[in-house]
Amino acid sequence: MEKPPRYQGRVLVAGATGKTGQWVVQRLLHYGIAVRVFSRNREKALALFGNDVEIVDGKIQSGSDIARAVKGCRAVIATLGSSSVKGESSPGEVDRDGVIRLVDEAAKAGIQHFAIISSLAVTKWYHPLNLFAGVLSKKWEAEEHLRAIFAKPGRSYTIVRPGGLKDGEPLLHKLRVDTGDRLWNGFINRSDVAELLCISLWLEKAKNRTFEVINESEEPQTSLEQCYNALPPDFPKIV
Ligand SMILES: NC(=O)c1ccc[n+]([C@@H]2O[C@H](COP(=O)([O-])OP(=O)(O)OC[C@H]3O[C@@H](n4cnc5c(N)ncnc54)[C@H](OP(=O)(O)O)[C@@H]3O)[C@@H](O)[C@H]2O)c1
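A quick note: this is a predicted structure, and the numbers were derived from the prediction, not measured. (Residues numbered from 1 in each chain as written. Predicted model: local features only at pLDDT ≥ 70, side-chain atom pairs only at ≥ 80, totals over all residues.)

A. Region of the structure containing the packing of helix 3 (residues 63–70) against helix 4 (residues 92–108). Viewed as axis vectors pointing N to C, helix 3 and helix 4 meet at an angle of 50°, and their least axial separation amounts to 9 Å. When the axes of helix 3 and helix 4 are compared, the pair comes out oblique. Of the two possible hands of crossing, helix 3 and helix 4 adopt the one that is right-handed. In contact with Gly63, Ile66, Ala67 and Val70 of helix 3, helix 4 contributes Arg101, Leu102, Glu105 and Ala106. Looking at the contact of helix 3 with helix 4 residue by residue, the classes come out as 5 nonpolar, 1 polar and 2 charged. (Axes fitted to C-alpha atoms, helices over the stretch in contact; angles between N-to-C directions. Helix = DSSP H or I, 4+ residues; strand = E, 2+ residues; numbered from the N terminus. Parallel < 35°, antiparallel > 145°, perpendicular 65-115°, else oblique. Left-handed = near helix turned anticlockwise from the far one by under 90°. Contact = placed C-beta atoms within 7 Å. Nonpolar A, V, L, I, M, F, W, Y, C, P; charged D, E, K, R; others polar.)

Structure, rendered in structure tokens:
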């Protein structure tokens, strides 16, 4: 596989110990990029990544923990996800407030690019998934905050809204991308979402984009770069 243009700088991965996050770390290391992991569970992060990454442990509820984590990084990739209806892993705490706190601390620390996994149907308040403590609406609020804070000179963002997540190797599917939250269902491998997030670091055509993505067909790919070819920038258009 082709190597990208050399990417200078360290990337913070929040949610690295999750299923998609592990793929993000793996793909960043594949590209020779320095990785820092922000985790609430140092032992889990150490067991997964050993000495291949730098680990900063802390809570997503703590602005000062996040400030330590983002300091000295060039970009952030967030693959956080809630896992309970209430408490510290609820959609409100993680998908909305945790991400918003991360965005704010990243901006203060001079982070240049912020890439995040969101979800298909994130604008549809009436979607059944919102029965899980309003998870889609919480993600939408976090998206809005990211767009507002990172669509600024010297900063950029990429928001990937995948369909149902599956396990499996990357680059085995041709992908279908769209904007405007018009896709109702479909699946995609976590590894491909991770790849899209990683390549957004250096692809100019990935900057300030919000898009949906699902599998189109099984078909080996040499790169996912073409997914970004036809995507319009979010601004001045309102998404
Ligand atoms: N499942 C789907 O079909 C689907 C579809 C579209 C979008 N999504 C979204 O895709 C994202 C990634 O999904 P995934 O399956 O890779 O998720 P996952 O395996 O559950 O990983 C979630 C990550 O978030 C972290 N996290 C959870 N609560 C936290 C807290 N209170 N403080 C700090 N970190 C916390 C977890 O840390 P620990 O390892 O410490 O638990 C883990 O690293 C999620 O936002 C999900 O909503 C999922």
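Structure shown, so let's carry the discussion forward.
B. Here's a closer look at the sheet that holds strand 3 (residues 54–57). Across the sheet, which stays open at both edges, the 8 strands sit in the order 3-2-1-4-5-6-10-8 with mixed pairing between neighbours. Each edge of the open sheet carries a strand with a single partner, namely strand 3 and strand 8 (173–178). Each strand axis lies, on average, 25° off the axis of its neighbour in the sheet, ignoring direction. Summarising the sheet, strand 1 (residues 10–14) and strand 4 (residues 75–78) pair through 4 bridges and their orientation is parallel. Bridged to Leu12 within strand 4 is Val76. (Pairing = 2+ DSSP bridges.)

C. Just the nonpolar core, in detail. Judged by nonpolar contacts, the single largest core of 60 residues is most densely connected at Val11, Val13, Val24, Val37, Val76, Phe114 and Leu197. With 6 residues, helix 6 (residues 190–199) is the single largest residue contributor to this core. Look past the residues within four positions of Val11 in its chain and what remains in contact with it is Leu28, Ile33, Val35, Cys73, Arg74, Ala75, Ile77 and Leu201. Of all hydrophobic cores here, the second largest spans 6 residues; its members include Ala121, Val122, Val135 and Trp140. (Core = buried A, V, L, I, M, F, W, Y, C linked by C-beta atoms within 7 Å. Buried ≥ 20, exposed ≤ 12 C-beta atoms within 10 Å, placed from the backbone.)

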